[in-house]
Amino acid sequence: QVQLVESGGGLVQPGGSLRLSCVASGSIFVIGDMGWYHQAPGKVRNMVATITKTGITNYADSVKGRFTISRDNAKNTVYLEMNSLKPEDTAVYYCNARDRFRADKYYWGQGTQVTVSS
């Protein structure tokens, strides 16, 4: 099993910045792609950004140019740098890891709340 623990959420004013971190532990050798998803109240969970083990990234259109995903494989950590935050970015942000040996297997963190409000 893989455990994912997020940190770094909080309350920020519009235009501000936050950096989320997600540390993986357990059977880390199975981890392939990692990513961040968010879910606002009453809405489905959507992809924010993903990154492969070799650093290839993919972003939702709504965050391109504002958010940056990165990972440190030596520290088993993935980051999400969020700049120019907007009220519509308010959501619970979840870390995700894909099992590279099982295409249908995903791991999730417990989530961290990000609130963008003045």
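About the cut-offs
- Residues numbered from 1 in each chain as written.
- Predicted model: local features only at pLDDT ≥ 70, side-chain atom pairs only at ≥ 80, totals over all residues.
- Heavy atoms only, no water.
- Disulfide = S-S within 2.5 Å.
- Helix = DSSP H or I, 4+ residues; strand = E, 2+ residues; numbered from the N terminus.
- Buried < 20%, exposed > 50% of the residue type's maximum accessible area, 1.4 Å probe, protein only.
- Salt bridge = Lys/Arg side-chain N within 4 Å of Asp/Glu carboxyl O.
- Core = buried A, V, L, I, M, F, W, Y, C linked by side-chain atoms within 4.5 Å.
- Contact = heavy atoms within 4.5 Å.
- Phe/Tyr/Trp six-rings, centres within 6.5 Å; stacked < 30°, edge-to-face > 60°.
- Lys NZ or Arg CZ within 6 Å of the ring centre and 35° of its normal.

Chemist: Could you give an account of the state of the cysteines, naming the residues involved and the relevant values?
Modeler: Enumeration over the complete set of coordinates arrives at one disulfide. At a sulfur-sulfur separation of 2.1 Å, the disulfide partner of Cys22 is Cys95. Given an S-S torsion of about -80 degrees, the disulfide between Cys22 and Cys95 has left-handed geometry. Note that Cys22 is positioned in strand 3 (residues 18-26) and Cys95 in strand 9 (residues 91-99), a separation of 73 residues in sequence. A relative accessible area of 0% means that Cys22 is categorised as buried. Under the relative-accessibility criterion, Cys95 is labelled buried at 0%.

Chemist: Report on the pattern of salt bridges, specifying residues and quantitative values.
Modeler: Within the structure shown, the criterion is met by four salt bridges. A salt bridge links Asp61 to Lys64; its shortest N-O distance comes to 3.1 Å. One salt bridge in this structure joins Arg102 and Asp104, with 3.9 Å as the shortest N-O distance. Assessed through its relative accessible area of 61%, Asp104 is described here as exposed.

Chemist: Requested: an account of the nonpolar core, with residues and values cited.
Modeler: Judged by nonpolar contacts, the single largest core of 30 residues is most densely connected at Leu4, Trp36, Leu80, Met82 and Tyr93. Those residues in contact with Tyr93, other than ones at most four positions away along the chain, are Glu6, Leu20, Trp36, Tyr37, His38, Val48, Phe67, Leu80, Met82, Gly111, Thr112 and Val114.

Chemist: So what about the packing of aromatic side chains? Which residues, and what values?
Modeler: Tallied over the entire structure, the rule returns one aromatic pair. Note on Tyr37 and Trp108: the rings are 5.1 Å apart at their centroids and 75 degrees apart in plane angle, and the pair reads as edge-to-face. Within this pair, whereas Tyr37 is found in strand 4 (residues 31-39), its partner Trp108 is found in strand 10 (residues 106-108), the two being separated by 71 residues in sequence. Its relative accessible area of 37% is what places Trp108 among the partly exposed residues. The lysine or arginine in question, Arg19, covers the ring of Tyr79, its NZ or CZ lying 4.1 Å from the ring centre. Over the ring of Trp108 we find Arg45, and its NZ or CZ is 4.6 Å from the ring centre.

Chemist: Quick rundown of the environment of Ala103? Include the residues and the values.
Modeler: By the element assignment, Ala103 lies in the loop between strand 9 and strand 10. Assessed through its relative accessible area of 55%, Ala103 is described here as exposed.

Chemist: So what's going on with unusual backbone geometry? Which residues, and what values?
Modeler: Even without being a glycine, Asn76 presents a positive backbone phi close to 55 degrees. Position of Asn76 relative to the elements: it lies in the loop between strand 7 (67-72) and strand 8 (77-82). Unusually for a residue other than glycine, Ser84 sits at a positive phi of about 50 degrees. The topology assignment puts Ser84 in the loop between strand 8 and strand 9.

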